[in-house]
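In case you want the letters, here they are:
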Amino acid sequence: MSRLIYIDNAATTRLDPDAFEAMKPFLLEHYSNPASVYSFAQESNQAVEEARAAIAGTLHADPGEIYFTAGGSESDNWALKGVAQLKRKKGNHIITSKIEHHAIFETCHYLERHGFEVTYLDVDEYGRIDPEALKAAIRPETILISIMFANNEIGTIQPIAEIGKIAKEHQILFHTDAVQAYGHVPISVEELGIDLLSASGHKFHGPKGVGFLYIRKGIALPSLIHGGAQEHGRRAGTLNVPGIVGMAKAAQIAAEKMEERSQKETKLRDYLIQRIQKEIPYAKLNGHEKLRLPNNVNFSFRFIEGESLLILLDQNGICASSGSACTSGSLDPSHVLLAIGLPHEIAHGSLRLTLSHENTKEEMDFIVDKLIKIVKQLREMSPLFEDFEKGA
Ligand SMILES: *Cc1c(COP(=O)(O)O)cnc(C)c1O
């Protein structure tokens, strides 16, 4: 099997070749520690500050509001634990949703073990939170609202502007995990009323192991990583200069080409959705038809195990993902699919296809053609499907 079709861009993306070119000099020539005093360190220090300004520009933020981290998970941990510590005197209540990434979920669980209370808002059948339910959940001791911008499994985009408005009215800080959204949809922290925002380089064709946290000016977020005085004493550790430069380059390209990429991806996405809906029976699209990321497709196929589907797709060179929490070694269906109301057995037969601007229509056809055969083959082996067909 020589052919490889990569359609798992929510898991990670391919490094943009131009981002790679931008990184190279900072690995081989300008390898200095940007914190050093000699002039040789100027090159890398300047590159980091240019990267900071470039990223700030994409969000309509100030450079001083961008803090570099080691990725989305660190940014999420820092935002939640930082606000918890900062606002502890005011209160101990945090509001989030039932469909957050594990980096938010597990941090909330950690905070619950340390005296904080967390409300996990329900979502509707499309995965959207209800702003009225958010308002109703606010208490005098609420210190933080953390709602993801767009979901990593079903692509649903949240009513971020409304959430930002509610947070502001109640003088509560608003954090959003924008790891799936940043670089893919336009974001203005000003217009949307966002106080803290997490992003990760490798989700928008930048390198892995580098990300950032936007922290609105005036929020004295305490450090998560203690040590040296980097990042205004708020995030210790020698800066990952090549990573930061590569991420900023990818961010600039993503911003410049957002319209073009998004149009292309949306077209491929909708083509994929339409073909699957037309040609595979008992398939349900998960997430919202319109309010979803341009690159996300998520289906549940009845009478099928997502894991078997993935193995057979892999045998055909197709890299996709399922709704099972396979990374944790458990076969529990995804908390996101359960939260949108799917019964266990249907959530188990889920498939996530997340494309990029590099995918082609021809690849979409290859995927659907294989999928038709695989789904049929798996259903033929299913005693449940046999019973269902007899009954039907
Ligand atoms: C990937 C992802 C993360 C984690 O980012 P890393 O850089 O891999 O740590 C957090 N939140 C969401 C929504 C993600 O998709």
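Residues numbered from 1 in each chain as written. Predicted model: local features only at pLDDT ≥ 70, side-chain atom pairs only at ≥ 80, totals over all residues. Heavy atoms only, no water.

Overview of the overall build of the chain
Here comes step 1: The helix and strand tally for the chain stands at 15 helices and 13 strands.
Here comes step 2: Against the 2.2 N^0.38 benchmark of 21 Å for 392 residues, the chain shows a C-alpha radius of gyration of 22 Å, consistent with a compact globule.
Here comes step 3: With respect to the principal axes defined by its C-alpha atoms, the chain has extents near 75 × 55 × 35 Å.
Here comes step 4: When the 392 residues of the chain are sorted by exposure, 57% land in the buried category. (Helix = DSSP H or I, 4+ residues; strand = E, 2+ residues; numbered from the N terminus. Rg over C-alpha atoms; globule rule 2.2 N^0.38 Å. Buried < 20%, exposed > 50% of the residue type's maximum accessible area, 1.4 Å probe, protein only.)

Considerations on the packing of aromatic side chains
Here comes step 1: Taken as a whole and assessed by the stated rule, the structure comprises 12 aromatic pairs.
Here comes step 2: A centroid spacing of 5.0 Å and a plane angle of 75 degrees characterise the contact between Y182 and F204, whose relative ring orientation is edge-to-face. Residue Y182 is found in the loop between β6 (173-177) and α7 (189-192), and its partner F204 is found in the loop between β7 (196-200) and β8 (211-215); the two are separated by 22 residues along the sequence.
Here comes step 3: Judged by its relative accessible area of 3%, Y182 falls in the buried class.
Here comes step 4: Relative to F303, the ring of Y282 lies with its centre 6.3 Å away and its plane at 90 degrees, an arrangement referred to as edge-to-face. With a gap of 21 residues between them, Y282 in the loop between α10 (258-279) and β9 (283-285) and F303 in the loop between β10 (296-301) and α11 (306-315) connect regions that are remote in the sequence.
Here comes step 5: The aromatic ring of F366 is capped on one face by R3, whose charged end is 4.7 Å from the ring centroid.
Here comes step 6: Residue placement shows K361 over the ring face of Y271; its charged tip is 4.7 Å from the ring centre. (Phe/Tyr/Trp six-rings, centres within 6.5 Å; stacked < 30°, edge-to-face > 60°. Lys NZ or Arg CZ within 6 Å of the ring centre and 35° of its normal.)

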